[in-house]
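# Close look at the chain arrangement
The chain contents come next:
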Amino acid sequence: GGRIYEQREATCSELAKIDGISFVKNSGAFYIFPKLDVKKFNITSDKKFAADLLHATNILLVPGSGFDWKDPDHFRIVMLPEAQEMREAIRKIGAFLDGYKQA
C-alpha cells in the first residue's frame, strides 16, 4: 500500500486499457517505460510522438531515445503525481492515441 503504490496502480490500470501500448509493471521505481505499437500508430520518431502529445494534451513525457533506446517505440512516464492525476493523464494519452497516426 501507500501513496507510491496507489500511483503505480492507477498508472498501470489505465495503461492496460489503451490498445497499442504494452508495459512491464514495475515494482520499485518511480517511472514506467511503456512500449508503443509502432505499426498501429505509424510511428517513425519517438520525439515527434512526444511533441505531438505535448501540443495536443499538455502532457510531457520523455521519448525512449532520451535514454539511448534505439527504436522509436518506448517512452517514459514518471509516476510521482497523485493517483487521480495519473489516471486523468493516462486517459488523455489514450484519447490522444485513439486514431493517432504519425504523419
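In this text, all values refer to a predicted model and were calculated from it rather than measured experimentally.

A word on the packing of helix α3 (residues 46-57) against helix α4 (residues 83-97). Closest axis-to-axis distance for the α3/α4 pair is 11 Å, and the angle between their directions is 110°. Classified by the angle between their axes, α3 and α4 sit roughly perpendicular to one another. Mapping the contact onto sequence places F49, D52, L53, A56 and T57 in α3 and K92, I93, F96 and L97 in α4. Broken down by class, the residue content of the contact of α3 with α4 amounts to 6 nonpolar, 1 polar and 2 charged.

With that out of the way, let us pick up the nonpolar core. Core analysis: the biggest nonpolar cluster contains 22 residues, and L36, F49, I77, I93 and L97 have the highest contact counts within it. Elements that contribute at least two residues to this core include exactly α1 (3-15), α3, β5 (75-78) and α4. Here this core gets 5 residues from one element, more than from any other, and that element is α4. Apart from the residues within four sequence positions on either side, L36 is in contact with G20, I21, F41, I43, F49, D73, F75 and L97.

On to the layout of surface pockets. Considering only enclosed or pocket space, the largest pocket measures out at about 220 Å³ in volume. As for the largest pocket, its lining consists of 14 residues, of which I59, L60, I77, V78 and M86 are closest to the centre. Counting only elements with at least two residues in the lining of the largest pocket, the list comes to β5 and α4. Looking at the lining of the largest pocket, the element that brings in the most residues is α4, giving 5 residues. Per-class residue counts for the lining of the largest pocket are 11 nonpolar, 1 polar and 2 charged.

Moving on, we get to unusual backbone geometry. Of note, the phi angle at N42 is positive, near 55°, even though the residue is not glycine. By the element assignment, N42 lies in the loop between α2 (38-41) and α3. Notably, N58 is not glycine yet its phi reads approximately 65°, a positive angle. Along the chain, the position of N58 falls in the loop between α3 and β4 (62-63). Residue N58 is classed as exposed on the basis of its relative accessible area, which comes to 70%.

With that settled, the discussion passes to the packing of α1 against α4. Running from N to C, α1 and α4 point in directions that differ by 20°, and their axes come no closer than 8 Å. What the angle tells us is that α1 and α4 run roughly parallel. As for the relative orientation of α1 and α4, their crossing is right-handed in sense. Residue-level inspection shows E6, Q7, A10, T11, E14 and L15 of α1 in contact with α4, the latter providing A83, M86, R87, I90 and R91. Looking at side-chain class alone, the contact of α1 with α4 contains 5 nonpolar, 2 polar and 4 charged residues.

Conventions we followed
Residues numbered from 1 in each chain as written. Predicted model: local features only at pLDDT ≥ 70, side-chain atom pairs only at ≥ 80, totals over all residues. Heavy atoms only, no water. Axes fitted to C-alpha atoms, helices over the stretch in contact; angles between N-to-C directions. Helix = DSSP H or I, 4+ residues; strand = E, 2+ residues; numbered from the N terminus. Parallel < 35°, antiparallel > 145°, perpendicular 65-115°, else oblique. Contact = heavy atoms within 4.5 Å. Nonpolar A, V, L, I, M, F, W, Y, C, P; charged D, E, K, R; others polar. Core = buried A, V, L, I, M, F, W, Y, C linked by side-chain atoms within 4.5 Å. Buried < 20%, exposed > 50% of the residue type's maximum accessible area, 1.4 Å probe, protein only. 1 Å grid on protein atoms, 1.4 Å probe; cavity = no way out; pocket = protein on both sides within 12 Å on 5 of 7 lines; lining within 4 Å. Points joined across faces, edges and corners; volume = space filled by probe spheres on them. Left-handed = near helix turned anticlockwise from the far one by under 90°.

In short, shape yes, function no, at least from these values alone.
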